[in-house]
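One letter stands for each residue in the lines below.
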Amino acid sequence: MKFIHVSDLHLVPKGDKLWGLDPFARFEACLDDIVKFHGDAAFVVVSGDLTEKGEVLAYRQLGARLADFPIETHLMLGNHDDRGHFLSAFPNAPRDEASFVQHAFVRDDAVFLLLDTLKGPPSSAGLYCPQRKAWLKAELAKAGKRPVYLFMHHPPFSIAHDLMDLIMLDDADEFLDLLHGHAIRHIFFGHAHRPISGQFRGLSFSAPPSLVHQLPLVSGSVATVYSDEPAMYAVVHATPDKVLVHMDAYLNRAPADMDPEAERGDWY
Ligand SMILES: [Fe+2]
C-alpha cells in the first residue's frame, strides 16, 4: 500500500504571503505533483498546521481546493489550527464523541489512527487529555493484533532541537504508556518543519518538512528563526515486512547538468 504524508501547510487566505512564501501556491503545487506522480496512492494525510492563524477563510479555501482532488485526503489539526473554525468549514469532518478531530480507518487490515494533539493558545505545545486518551485506548483495543500506524502533529519525545523541544507533546511518557503492548508499526508526525526519521524505544518514526518555512537544525545558523529550505512531502510504502518513507523535495526537482542520454543503459 502506498500513501502520502504531508504536513504543516500554514495556509493563509489565497494570494497572501507568509514569511515571503506563498503557502496556497505551494500546497497546490504539492497536490498537482501527487496527482501526477502518485495517482495510485491509497490516501493522503495532512498532519496539522493546516493554516497559519486558523482563519475560517483559509479553511474554506482548503476545502474548496480539495473538493475535486481525486485522492481521499484526511485532515488533522496542529497548534496553529483552530478547532472551532476548522469544524465550521468542515462540518462533516470525522471526530470522536467529545468533538476532538481524531478518527480511525482501516486499509489492508492495518489500522490508521489520526490523533488530535491541539492544546490551544497561548501554548504551541501539544496536549493529549484524558478524554482523548480514552478514545485512543478504545481504538487500540479494537485494533487487536492488527498493525497500527499513528499520525499526530506533535512528537511525543524530544527531537533534539532547542526550540521544538519546548513545544513537544505535554506529558509524553503518559502518552507513550498507552501504546505499550500494541502493534504500533510507525509514528508519523509533523510540527518539526524538518525532515526527521529514526526510532524511539523501538518505535520507528518520520516527519516531513513543512511545505513553507522550515526551522534550521541549528538555531543561529541563519539570521532568522525560520529558514528557507526545501519543502517536501513523504511517499510511504507500507507492507507487512516494511515501512519505507521517501521524502520528495517536489519544488526543487530539476534536471541535472548533463546530456539527457548520458549514463543510460548501463545500470547493472
Ligand atoms: Fe507548523
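Please read these numbers as outputs of a predicted model, since none were measured by experiment.

Cut-offs used in this document
- Residues numbered from 1 in each chain as written.
- Predicted model: local features only at pLDDT ≥ 70, side-chain atom pairs only at ≥ 80, totals over all residues.
- Heavy atoms only, no water.
- Salt bridge = Lys/Arg side-chain N within 4 Å of Asp/Glu carboxyl O.
- Buried < 20%, exposed > 50% of the residue type's maximum accessible area, 1.4 Å probe, protein only.
- Helix = DSSP H or I, 4+ residues; strand = E, 2+ residues; numbered from the N terminus.
- Donors = N, O, S within 2.8 Å, 3.2 Å for Na, K, Ca; no water.
- Tetrahedral: all angles 85-135°; square planar, octahedral: opposite > 155°, others 65-115°.

Caption draft 1: Region of the structure containing the pattern of salt bridges. Enumeration according to the criterion identifies 14 salt bridges in this entry. In this structure, the salt-bridge partner of arginine 65 is aspartate 68, at a minimum N-O distance of 3.6 Å. The class of arginine 65 is buried, set by a relative accessible area of 16%. For aspartate 68, a relative accessible area of 61% puts it in the exposed group. Residue glutamate 72 pairs with arginine 107 through a salt bridge whose shortest N-O separation is 2.4 Å. Here arginine 107 lies in strand β4 (residues 103-107) and glutamate 72 lies in the loop between α2 (56-66) and β3 (73-75), a separation of 35 residues in the sequence. With relative accessibility at 23%, the residue arginine 107 sits in the partly exposed group. Among the charged side chains, a salt-bridge network with shared partners connects Glu28, Asp32, Arg65 and Asp68.

Caption draft 2: A look at the coordination of the iron ion. Every protein donor of the iron ion is listed here as Asp8 (OD), His10 (NE2), Asp49 (OD) and His193 (NE2), and their distances to the metal cover 2.0 to 2.2 Å. Around the iron ion, the four donor atoms sit at angles spanning 89 to 176°, and that spread fits a shape best called irregular. When the donors of the iron ion are listed by position in the chain, the intervening gaps give D-x1-H-x38-D-x143-H. With aspartate 8 in the loop between β1 (2-6) and α1 (23-38) and aspartate 49 in the loop between β2 (44-46) and α2, this pair connects stretches of sequence that are 41 residues apart. With a relative accessible area of 0%, aspartate 8 lands in the buried category. Here aspartate 49 falls in the buried class, since its relative accessible area comes to 1%.

That is the geometry; function is a separate question.
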